[in-house]
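Structural overview
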Amino acid sequence: MEPFIRSDQYNFIKAQTQILINGHSTTNDMDVLHALKDIAKEKVLDLFMDMSDEKKQFIDPILNIKDKTNAEEFLSQLKPYVIPFKEVTEQTIRKLFPKAKKLKIPSLENIDLKEISYLCWDDKGSNKKYIVAQHHNKLIGLQGTFTSINQKGICALCNRFEEIGMFISEAKGSVQGTFIKRGNHICQDSQKCNQNLITLDKLNDFIVWLNS
Ligand SMILES: [Zn+2]
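By convention here, each chain's residues receive numbers from 1 onward along its written sequence. Residues qualify for local features only when their pLDDT is at least 70, as the model is predicted, and side-chain atom pairs are given and counted only at 80 or more; totals for whole chains, interfaces and linings, by contrast, use all residues. Excluded from the side-chain calculations are hydrogens and water; all other atoms, namely the structure's heavy atoms, are used.

**A closer look at the overall build of the protein**
When helices and strands are counted, the protein shows seven helices and five strands. Secondary structure elements follow DSSP: runs of H or I of four or more residues count as helices, runs of E of two or more count as strands, with numbering from the N terminus. When the helices and strands of the protein are listed from N to C terminus, the series reads α-α-α-α-α-β-β-β-β-β-α-α. Residue burial is assigned from relative accessible area. The probe radius is 1.4 Å, only protein chains are included, and a residue is buried under 20% of its type maximum, exposed over 50%, and partly exposed in between. Within the span of the protein, comprising 212 residues, buried residues form 37% of the whole. Summarising the internal contacts of the protein: among those between residues at least 6 apart in sequence, 56% fall at separations of at least 24. Counting rule applied: Lys, Arg positive; Asp, Glu negative; His and chain ends not counted. By convention, charge coordinates are those of NZ in Lys, CZ in Arg, CG in Asp, or CD in Glu. Taking the average location of the 29 positive side-chain charges in the protein and that of its 27 negative ones, the two points are 11 Å from each other. We call two residues in contact when some of their heavy atoms are within 4.5 Å.

**Examining the domain arrangement of the protein**
What counts as a domain boundary in this text is fixed by an automatic or database domain assignment. Per the domain assignment, the segments of the protein are domain 1 (7–81) and domain 2 (90–210). One C-alpha centre belongs to domain 1, the other to domain 2, and the line joining them spans 31 Å. Counting from both sides, the interface comprises seven residues of domain 1 and, opposite them, eleven residues of domain 2. Taken over both partners, the interface formed by domain 1 and domain 2 buries close to 710 Å², and the fraction arising from carbon and sulfur atoms is 44%. The term buried area means the drop in 1.4 Å probe accessible area that two parts suffer when joined, counted for both and summed. Summed over the three residues of domain 1 that lose the most area to domain 2, namely Ser7, Asp8 and Lys79, the buried surface amounts to 64% of that side. Any Lys or Arg side-chain nitrogen located within 4 Å of an Asp or Glu carboxyl oxygen qualifies as a salt bridge. Put simply, domain 1 and domain 2 have two salt bridges between them. Residue lysine 79 pairs with glutamate 115 through a salt bridge whose shortest N-O separation is 3.1 Å. For this analysis, a polar contact is any N or O atom pair within 3.5 Å, provided that within protein one partner can donate a hydrogen and the other can accept it, and provided that sequence-adjacent residues contribute only side-chain to side-chain pairs. Here domain 1 is connected to domain 2 by eight residue pairs in polar contact (both at pLDDT 80 or more). Here the side of domain 1 that touches domain 2 is composed, by residue class, of three nonpolar, two polar and two charged. Ten residues, namely Ala, Val, Leu, Ile, Met, Phe, Trp, Tyr, Cys and Pro, are considered nonpolar, four, namely Asp, Glu, Lys and Arg, are considered charged, and the remaining ones, Gly among them, are considered polar.

**Comments concerning the nonpolar core**
The nonpolar side chains of a soluble globular protein tend to be buried with one another. Judged by nonpolar contacts, the single largest core of 22 residues is most densely connected at Tyr118, Ile186 and Phe206. For this core, the elements supplying multiple residues, two or more each, are β1 (118–123), β2 (128–135), β3 (138–154), β4 (161–172), β5 (179–187) and α7 (201–210). For this core, the element with the most residues is α7, which contributes four residues. Each nonpolar core is a collection of buried residues, namely Ala, Val, Leu, Ile, Met, Phe, Trp, Tyr and Cys, held together in the definition by side-chain atoms within 4.5 Å.

**Topic: the pairing of β1**
Moving residue by residue along a regular strand, the side chains alternate between the two faces of the sheet. The element β1 is largely enclosed, with a buried count of five among its six residues. Where β1 meets β2, six bridges bridge the pair, whose relative direction is antiparallel. Counted as the bridge partner of tryptophan 121 is tyrosine 130 from β2. Two strands are said to pair when DSSP picks up at least two bridges between them. The loop that links β1 with its antiparallel partner β2 comprises four residues; one of these, asparagine 127, has a positive phi angle of about 55°.

**What to know about the sheet that holds β4**
Spatial ordering of the open sheet is given by β1-β2-β3-β4-β5, a layout of five strands whose pairing is antiparallel. A single partner strand is all that each edge strand has here, and the edge strands are β1 and β5. Across the sheet, the mean angle separating the axes of adjacent strands is 30° when strand polarity is ignored. Inspection of the sheet shows β2 paired to β3 by eight bridges, in the antiparallel sense. For tyrosine 130, the partnering residue across the bridge sits in β3 and is glutamine 143. Angles here are taken between N-to-C directions and fall from 0 to 180 degrees, while the axes themselves are lines fitted to C-alpha atoms, restricted in helices to the stretch in contact.

**What to know about the coordination of the zinc ion**
The zinc ion binds to the protein through Cys155 (SG), Cys158 (SG), Cys187 (SG) and Cys193 (SG), with metal-donor distances spanning 2.3 Å. Each metal site is built from N, O and S donor atoms within 2.8 Å (3.2 Å for Na, K and Ca), and since water is not included, such sites may look incomplete. Working rule for geometry: tetrahedral if four donors all subtend angles between 85 and 135 degrees; square planar for four, octahedral for six, if opposite donors exceed 155 degrees and the others stay between 65 and 115; irregular in every other situation. What the four donor atoms of the zinc ion show is an angle range of 106 to 113° at the metal, which sorts the shape as tetrahedral. All donors to the zinc ion come from one chain, and their sequence spacing reads C-x2-C-x28-C-x5-C. Looking at cysteine 158, the relative accessible area reads 8%, which means it is buried.

Encoded structure:
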């Protein structure tokens, strides 16, 4: 069977397993636990459209999760079906950032492509952050300056309370010679941010907004 779970969906499922673990550790009420399990299963199935019975079989064991061990086992059985982020070559990355002449390409070897919804790296020298994401099935590149604000706040991509900084991108304005700056707070640590992503809604909004 082909991988069918996006990385953010996998994170969503993981979050549901945590709700079940918490439920089991706080109550023995069978009715409450049954309800919790049903809700978790329904929410997970709702992530997918037209799910085949074969795929549903992989989700069913969520009903048996009581503790961390069960959850880890369940998640490890799903992991092979997570869709990895599109493999990108150095050449592809350069094409996405045609104006960045001295682009430093990150080493992609140590990145688990199943654990990211977007690829991001910092260029410390120029205080820039580069982001590669998929939008409408196309790879897109976003670049902007990044300034850490040394405090926690809500990230515009993962919507969680994390160490954030201000990402500002500059686009050409409609009048020649003018530039439009757009910025938002995003996580300093993109690996953490990717782990926090349980939906792509905010990431998609961010891409649309920066390109509007
Ligand atoms: Zn984030």
